[in-house]
Amino acid sequence: MGNPWSWAVLVLSVVLVGFSAPCVAHRQPNFIVILADDVGWGDLGANWAETKETPHLDELAAEGTRFVDFHSAASTCSPSRASLLTGRLGARNGVTHNFAVTSVGGLPLNETTLAEVLREAGYSTGAIGKWHLGHHGRHHPSFRGFDYFFGIPYSHDMGCTDTPGYNLPPCPPCPQHGTAARVARRDCYTEVALPLFENVTIVQQPANLSSLAARYAREAAHFIRRASDSGRPFFLYLALAHMHVPLEVPSLPPSASGIYGAALSEMDALVGWIKQVADSQGKGSTLLWFTGDNGPWAQKCELAGRLGPFVGAWQRQRGGSSAKQTTWEGGHRVPALVYWPGHIPANRTSSALLSTLDIFPTLVALAGASLPLNRRFDGLDVSPVLFGWSDVGHKVLLHPNSGAAGKYGEIEALRLAQYKAFYTTGGAMACDGSTGPAEHHQPPLIFNLDRDTQEQEPLDVASREYQAVLPAISRAYAQALEDIMTDNITAADYSKDPAVTPCCSRQHVACRCQVPRVHPAMPD
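Parameters at a glance
- Residues numbered from 1 in each chain as written.
- Predicted model: local features only at pLDDT ≥ 70, side-chain atom pairs only at ≥ 80, totals over all residues.
- Heavy atoms only, no water.
- Helix = DSSP H or I, 4+ residues; strand = E, 2+ residues; numbered from the N terminus.
- Expected span 1.5 Å × (residues − 1).
- Buried < 20%, exposed > 50% of the residue type's maximum accessible area, 1.4 Å probe, protein only.
- Polar contact = N/O pair within 3.5 Å; in protein donor to acceptor, adjacent residues only side chain to side chain.
- Pairing = 2+ DSSP bridges.
- Salt bridge = Lys/Arg side-chain N within 4 Å of Asp/Glu carboxyl O.
- Axes fitted to C-alpha atoms, helices over the stretch in contact; angles between N-to-C directions.

The name an unreviewed UniProt entry gives the chain is Arylsulfatase G, with Ramphastos sulfuratus as the organism.

Written as structure tokens, this is what we have:
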């Protein structure tokens, strides 16, 4: 099978040979945001000693700052990504649940993206990987502030492929001929193939999952080279397919921890050489921020990630998941590393309460740009925390429902210092098929995370501790809801129309493009 990182070494050698002398005199820093999909807090060796597959990420942690109390803004794909790119919760920006293959809308057009702000400030902007914020019309990333886009419009399990990879349940490959038998499978897309875009053009359908990681790697490197050659600062948003199913790891030998561990090793290698490519353009000129969109997808069993200590034991005792889609820590507490040599302290661990919401205002501030007017932001400029000058983050952090019990987008949990209050629980599927009963809590369940990271035993409502903290939590919750209600909020269009499904050739079964098979990156 070869060395696990052979493709990365090959691509890196090509990239470094092709680059001219690094340009290090940017007044504005370059930014790379790497967003992993469905990654667990415990999938990072620096976080969880049992994890052995992430030497490059662990090195990144040793050379930068690791954030151990860092959270995604939502617990599923579209809302989390919308919040990262706007700095606003779904209750404000309108994106409260996932968009579909047939979705007409996307992230509302009156919401301003991070890419739009940075491009206005002089940045070259690129998005590579998964989008999932609308693909029809002007919702496409090419119209949301990105000069260049290469990737897929939604999750890579939302279309059939010829290389289905590992999924639970397994999905069949795309049909080859119109007369071929169509096999219906639960949670499988069998009628339309997964498209791969370059800007607004479909360049491959079905996308080849076996080469997708290498394609992303090559295009990311080329984007960095082009931007560096232009003399402009750049913003690269790299949204990986890892660790979402189906997992596809053809180039890797079996891992001691199975298919998931092998895929984790591949992701680790990819992040490691992205760091090397960035450093080759002038070490210290690029800030790299690695994090995840939400926690592991528990119903995928052995193909799901590791929660670490954040197991949501109270929910598990009652059935159902305590990970992706939920407001338990396992659903939204994600790995986070920031690397910027010469600016951000090395080998530092911060316990500041931070969120993917903070990426937008922080990068805007570091670029010397201004936040959009006439709206409020849930994210903070946390550059003092990045620089090691402070370890104070959010006083209050809100957690919306992302597909479990309750209404999409509603604030179902709240964090205040070490305390976490739940107003609704249950409703997300676990590996064993259970979902747990939907329960509404008034007064709320309150956990002290300082001594109960597993969220196993809520405070006794009659205890002094509960009675002391409840008024502050109730005030914070009421103030947050009032702030949202009086803001300039928008609503996303979730209507569907099969006619907007990306399809490069309706004359061919599954929308197949008659183009040569695209192979992993090779020397130019």
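### A look at helix 6 (residues 209-230)
Counting along an α-helix, one turn takes 3.6 residues, and residues three or four places apart therefore face a common direction. An ideal rise of 1.5 Å per residue puts 32 Å on 22 residues; helix 6 measures up with 32 Å between its terminal C-alpha atoms. Of all 22 residues making up helix 6, 17 are buried, and the element is well covered by its neighbours. The opening residue of helix 6, the one whose side-chain oxygen lies 3.0 Å from the backbone nitrogen of S210, is N208. Taken from the residues just after helix 6, G231 is the one with a positive phi, measuring 85°.

### A word on the pairing of strand 5 (residues 148-152)
Looking down a regular strand, the side chains alternate between one sheet face and the other. Within strand 5, five of the five residues are buried, which leaves it mostly tucked inside the rest of the structure. Side chains Y148, F150 and I152 of strand 5 all project onto a buried face; the interleaved residues F149 and G151 project onto the opposite face, where all are buried too. Relative to strand 5, strand 4 (residues 124-130) is paired through five bridges, and the arrangement is parallel. When the bridges of strand 5 are listed, G126 appears paired with Y148. Where strand 5 and strand 6 (residues 196-198) come together, two bridges link them in antiparallel fashion. Counterpart to F150 in the pairing with strand 6 is E198.

### Notes on the pattern of salt bridges
Across all of its chains, the model carries 26 salt bridges by this definition. The partner of K324 in a salt bridge is D38, and the shortest N-O contact between them spans 3.1 Å. With K324 in the loop between helix 8 (313-316) and helix 9 (329-332) and D38 in the loop between strand 1 (30-36) and helix 2 (55-63), the pair connects residues that are 286 residues apart, well separated along the chain. This pair shows no difference in class: K324 is buried, exactly as D38 is.

### Re the sheet that holds strand 13 (residues 396-400)
Taken in spatial order, the four strands line up as 13-14-15-16 in an open sheet, and their pairing is antiparallel. Of all the strands in the sheet, the pair left with one neighbour each is strand 13 and strand 16 (439-448). When strand polarity is set aside, the average angle formed by the axes of neighbouring strands in this sheet is 20°. Relative to strand 16, strand 15 (residues 419-425) runs antiparallel, the two being bridged by six bridges.

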